[in-house]
Amino acid sequence: MRKLVVIGLGLIGGSLAAALKKRGQAIEIIAVARRQETIDTALTMGIIDRGVNALSGIANELGEGDCIFVAVPTLSVADQLISAHALVANSVTLTDGASTKGNIITSLEEKLGFLPENYVPGHPIAGSEQSGVTAANPSLYEQHRVILTPHCENQHCDLVKDLWESVGAEVLTMSVQEHDEVLAATSHLPHVIAYSLVDTLAHDSHNENLFRYAAGGFKDFTRIASSDPTMWHDIMIANKQSVLNAIALFQNNLSQLTTAINNEDHAHLLGVFTRAKAARDRFIKQLNKSSYIDPMTQTLQYIIQPGGSVTGNLRVPGDKSISHRSIMLGSLADGVTEVSGILEGEDALATLQAFRDMGVVIEGPENGKLTIHGVGMKGLKAPPGPLYVGNAGTAMRLLAGLLAGQNFSATLTGDNSLTKRPMNRVANPLRDMGITVETAESGRPPITIHGSQSLKAITYKTPMASAQVKSCVLLAGLYAKGTTKVIEPAVTRDHTERMLKGFGYKVQRDDNSVWLEGGGRLKAMSIEVPADISSAAFFMVAASIAPGSDITLEHVGINPTRTGVIDILRLMGADITLLNEREVGGEPVADIRVRYSELTGITIPEDLVPLAIDEFPVLFIAAACAKGSTVLTGASELRVKESDRIQVMAEGLQTLGIDATPTADGMIVKGGQLTTGTIETHDDHRIAMAFSVAGLRASGPITINNCAHVATSFPGFEDLAKKAGISLERQSI
Ligand code: S3P
């Protein structure tokens, strides 16, 4: 672009000019402003090169590659565009920054009879309660979004996109209607409410001194009521219909709240407040890009310095499998279920959100505590949209089973990694039970479950050892008529069975078979979630491989269907002692003390594979540090976890100089010296944590890319690893 003409030198126009100047763009910036004083101020500020009082003064200077940015008040934008269109050649690009788009498009169509191809409607989502050229801020658009609603694709679109990107903005496109609806809900409605609230209190209240007692909360909530009144007057008129729709929606919610307060309807009040708090917390996390991981925008790297040992007493977060199940069964129980020690990681939070979306009131999590107001077996409501479960395979597969027995249809979706994982393993048995299940190509998510209240009980032989498949069928079986039985090729984790019993539901088992009768009910209970042995495993291996280590992991679940990692490490020569063994809420628990001991490679017994299925990434690190070779077979399931853990671990070990040979169903690892290098996690939390542990025995630093998913199962891993003695630095890039 050679020349940018800014019509209207307020906050929006002035900030674009200032941003281009700050970034040293070689563009001549010409302002068009009615008042000479404004032009003089902008010249003094150094944000424009020259100014004129009317576009006609410079119209014939403009040609292809030049752009006119109309940044006048919303209701005047269409007229300015029409006169600009009449004055300049069609090769000049026209764009604007108005907060509403539909009214401008309608006006142009009415007055011109067509939409000029050189006009690209735009809206920078940035602002401030200040106005005027003196408020111009060269950083206003950095890391802010600009929405374009183009009616054709051409060089003018590209030019406007480049313009905004050159000042640090992220450009999105959407339809005019979508833009106006989204903005009415997220921007225009909040302004209506803020103005109305302050006006109500300022004028209709009998207490003149009211604001004296207002503190920070009131200030935060009402900040936007200090915005430019004329501008907001214009916006309300310009986006009238969408704003009215948004107000109607809000009025409806407010009047329901009024009734709930009047009737002391605790469930309704808690329902609204807990859902709103969860939604806001999530939104803030997203805004801070700290969580609810968006792999496109967030890259978190770990840098591990070599050496060290691990010592001390540690408590790792709550068990992921038990956390998911406690939310699910607590939601379906009669009465209030209290849960403590819940995993506050993204996976369990996704399950929590799914049940909130289906109308269950859940308080917390607050320091690991949840209060779940169960709705009974038939109390779930159809969710307002697809249930998004993030990275959580367990949530998707177990929910599929529960949804099979509902009287509504629902779709389950997940993140990039989950979208690649197989779902036919649950869709097929559910189809056998008589319902329609849709998946995307080759059985991948999204998966849509058309629930039915006439589910058929089945006997199902699971083709693979999978607790998720077993649990899915059993949970559907709760709603089926008759006996639902699952026969497994090998015993897998039995948390579903144990917890169902805890909720008073009869479950029977015999060798590799487990069955239950449909049609019963669940009675609310208290659940104490033990620490997750899968998270503890990282520190068990860390202590085993690093000389001088002596660590105690507290209150870890040692359910015999999960302790394969202890057995395998012991077979390799690890020094592991279980202390203070006890039972908590139907699950065995112990403190696990691990001291350094020289490890030797082994052939891992295949019957231990399902009992250690999540621990192989870190067990491969143990194997790399052991004397001799370790051989794993019978573990092809590892290829369909959050990543292909056989391939990804083999590649990572090879990068660090280890002789690791992947096979179809396992790996052969020859113990050796871990060296230095950069590891790709393929967005898999356990790969990131396994290689963090490897640093203890490496000869140089290890850089681990894409570690954000660690938060799915192990929030606080970095601090705990550092506390134990691993030299870990995080870097966001
Ligand atoms: C889980 C079962 C296992 C495990 C997953 C949790 C569960 O998956 O890998 O992390 O909670 O039921 P599979 O059933 O696919 O083996």
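Provided above is the structure to which this section pertains.
Residues numbered from 1 in each chain as written. Predicted model: local features only at pLDDT ≥ 70, side-chain atom pairs only at ≥ 80, totals over all residues. Heavy atoms only, no water.

Undergrad: Please clarify how the site of the ligand should be interpreted in this entry.
TA: Around the ligand there are 13 residues in total, and Ser321, Arg325, Ser466, Asp614 and Lys641 lie nearest to it. Arg325 places a polar side-chain atom, nitrogen or oxygen, 2.7 Å from an oxygen atom of the ligand. A distance of 3.1 Å is found between an oxygen atom of the ligand and a backbone nitrogen or oxygen belonging to Ala467. For the ligand, whose unbound accessible area comes to 390 Å², protein coverage reaches 95%. (Near = heavy atom within 4 Å. Polar contact = N/O pair within 3.5 Å; in protein donor to acceptor, adjacent residues only side chain to side chain. Areas by Shrake-Rupley, 256 points an atom, 1.4 Å probe, with all protein chains shown as cover.)

Undergrad: Is there a simple way to think about the packing of helix α6 (residues 176–204) against helix α8 (residues 229–238) in this case?
TA: A packed helix pair is summarised by two numbers, namely the angle formed by the two axes and the spacing between the axes. The interhelical angle for the contact between α6 and α8, taken along N-to-C directions, is 125°, at an axis separation of 11 Å. On the basis of the axis angle, α6 is oblique to α8. Crossing hand, α6 versus α8: left-handed. Contacts between α6 and α8 involve Ser187, His188, His191, Val192 and Tyr195 from the former and Pro229, Trp232, Ile235 and Met236 from the latter. In terms of residue class, the contact of α6 with α8 is made up of six nonpolar, three polar and no charged. (Axes fitted to C-alpha atoms, helices over the stretch in contact; angles between N-to-C directions. Helix = DSSP H or I, 4+ residues; strand = E, 2+ residues; numbered from the N terminus. Parallel < 35°, antiparallel > 145°, perpendicular 65-115°, else oblique. Left-handed = near helix turned anticlockwise from the far one by under 90°. Contact = heavy atoms within 4.5 Å. Nonpolar A, V, L, I, M, F, W, Y, C, P; charged D, E, K, R; others polar.)

Undergrad: Help me understand the environment of Phe69 in this model?
TA: The residue Phe69 is located in strand β4 (residues 67–70) in this model. With relative accessibility at 0%, the residue Phe69 sits in the buried group. Remark: the alpha-carbon pair of Phe69 and Val5, spanning 64 residues in sequence, is separated by 6.0 Å. (Buried < 20%, exposed > 50% of the residue type's maximum accessible area, 1.4 Å probe, protein only.)

Undergrad: Sorry if this is basic, but what is going on with unusual backbone geometry here?
TA: Peptide bonds are, in most cases, trans, and in most cases residues other than glycine have a negative phi. Pro365 follows Gly364 through a cis peptide bond whose omega is 5°. Along the chain, Pro365 falls in strand β13 (residues 361–366). Residues Pro445 and Pro446 are joined by a peptide bond in cis, for which omega reads 0°. Considering the arrangement of structural elements, one finds Pro446 in strand β18 (residues 444–450).

Undergrad: Explain the pattern of salt bridges to me, please; I cannot follow it from the model alone.
TA: A side chain with one charge can pair with a side chain of the opposite charge if their charged atoms come near. Taken as a whole, this structure holds 34 salt bridges when the rule is applied. The residue Arg645 makes a salt bridge to Glu642 at a minimum N-O spacing of 3.0 Å. Here Glu642 falls in the buried class, since its relative accessible area comes to 10%. In this structure, Asp684 and Arg645 form a salt bridge, with 2.8 Å as the shortest nitrogen-oxygen distance. Of the two residues, Asp684 is situated in the loop between β30 (677–680) and α22 (685–694) and Arg645 in helix α21 (residues 645–655); the sequence distance between them amounts to 39 residues. (Salt bridge = Lys/Arg side-chain N within 4 Å of Asp/Glu carboxyl O.)

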